[in-house]
Number of protein chains: 2
Amino acid sequence: MLNKKLGVGFVAKRCGVNVSTLHFYEQKGLIYSNRNQGNQRRYKPDVIRRVAIIKAAQKLGIGLTDIKRAFSVLPDKATPNKQQWAAMSASWQQTLNDKISYMQRLRDSLDRCIGCGCLSMQSCPIYNPEDILASKGPGPVILDASP
Amino acid sequence: MLNKKLGVGFVAKRCGVNVSTLHFYEQKGLIYSNRNQGNQRRYKPDVIRRVAIIKAAQKLGIGLTDIKRAFSVLPDKATPNKQQWAAMSASWQQTLNDKISYMQRLRDSLDRCIGCGCLSMQSCPIYNPEDILASKGPGPVILDASP
DNA sequence: TTAATACCTCAACCTAACTTGAGGTCAAGT
DNA sequence: ACTTGACCTCAAGTTAGGTTGAGGTATTAA
């Protein structure tokens, strides 16, 4: 039963993406397929996890090239085993934690900065940036606390 | 001293973006400028906060059109006051909280799904999706827990 | 067996968010 | 006065991530 169809239409529907998207991902080297006698794609089940992970990673703002890099720890032609998935997952965990704390910082900065009364334009570094310019040189801005 | 230069080059450097980006944002209606006698842009200081907020919002995956919508509560020609910034900020707070909890769910799902041993391919919904298909119909996938 | 789907490839098109370049003006230092 | 660097506009180019369409082949249900 593992060798059910897993044709491109089935996988697309199952993953909530278009057929053209699967073609596209394959062309980008993010997923792969075998072909049947009539040259139609037949996928191994792990493609579904790959697509799920691609879609999740994209919501974190991770681009396809980075996703591909992360996938590179997985075997190309065989279905990954548990250790291999776990290894890959570990790097996302780190990214996720970073993103989460970035957003928490951002939330707090927004609070502080909007609430601080600095619209008096007397002491806020946003309105009086010279100190910052002097000390840190030109560059990114106060809310931009991290990658 | 508030009426220092605030020319396009200064603001660009201060915000860590290119001059062309400021032109672009102005053309999209996200920021505005006055012109001096020689037709050169002169900004009010609040442009710096606007750009900072644009850049922060983009990290949340928010597009420029949505950012523009959020900015629409601010006065077009005058410098926003504290209440106006705070009103705008409130909507970001909600989005931020949503994003944060999405990521936390995602982190947990990843844990659970990679760690669950379902690569035995016996019981994992990813590998045996028929039940899901039957009960929920085709569509998005297990890791995709929310917007 | 035949009609309706489902697939195939390849090239072109699309939106978002910018960047680059050409051709010309403005402002600041010497 | 003059040169250098900052600005100006407008059009075209770029990257990411897909989507659409044309022209043709496979599979499947009746």
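Details of the structure are given in the entry above.
Residues numbered from 1 in each chain as written. Chains lettered and ligands numbered in written order. Predicted model: local features only at pLDDT ≥ 70, side-chain atom pairs only at ≥ 80, totals over all residues.

### Overview of the protein's contact with DNA strand D
Thought 1: Lining the immediate surroundings of DNA strand D are 21 residues, of which Gly38, Gly63 and Leu64 of chain A together with Gly9 and Arg41 of chain B lie closest.
Thought 2: For the surface near DNA strand D, the secondary structure elements donating two or more residues are helix H2 (19-27) and helix H4 (64-71) of chain A together with helix H1 (8-15) and helix H2 (19-27) of chain B. (Near = placed C-beta within 6 Å. Helix = DSSP H or I, 4+ residues; strand = E, 2+ residues; numbered from the N terminus.)

### Comments concerning the environment of Asn81 of chain A
Residues and elements named next belong to chain A.
Thought 1: With respect to the element layout, Asn81 can be found in the loop between H4 and helix H5 (82-115).
Thought 2: Looking at Asn81, the number of C-beta atoms within 10 Å reads 12, which means it is exposed.
Thought 3: When the C-alpha atoms of Asn81 and Asp46 are compared, they prove to be 9.8 Å apart, with 35 residues separating the residues in sequence. (Buried ≥ 20, exposed ≤ 12 C-beta atoms within 10 Å, placed from the backbone.)

### Structural notes on unusual backbone geometry
Thought 1: With a phi angle near 70 degrees, Asn39 of chain A is a residue other than glycine that sits in the positive phi range.
Thought 2: Mapped onto the elements, Asn39 of chain A comes out in the loop between strand E1 (34-35) and strand E2 (41-42).

### Some remarks on the packing of H1 of chain B against helix H3 (residues 46-59) of chain B
Residues and elements named next belong to chain B.
Thought 1: At a minimum axis separation of 10 Å, H1 and H3 run at an interaxial angle of 40 degrees. Considered as vectors, H1 and H3 are oriented oblique to each other. Helix-helix and strand crossings are classified by hand; for H1 and H3 the assignment is right-handed. For the pair formed by H1 and H3, the contact residues are Val11, Arg14 and Cys15 on the first element and Val47, Ile48, Val51 and Ala52 on the second.
Thought 2: Classifying every residue of the contact of H1 with H3 gives 6 nonpolar, no polar and 1 charged. (Axes fitted to C-alpha atoms, helices over the stretch in contact; angles between N-to-C directions. Parallel < 35°, antiparallel > 145°, perpendicular 65-115°, else oblique. Left-handed = near helix turned anticlockwise from the far one by under 90°. Contact = placed C-beta atoms within 7 Å. Nonpolar A, V, L, I, M, F, W, Y, C, P; charged D, E, K, R; others polar.)

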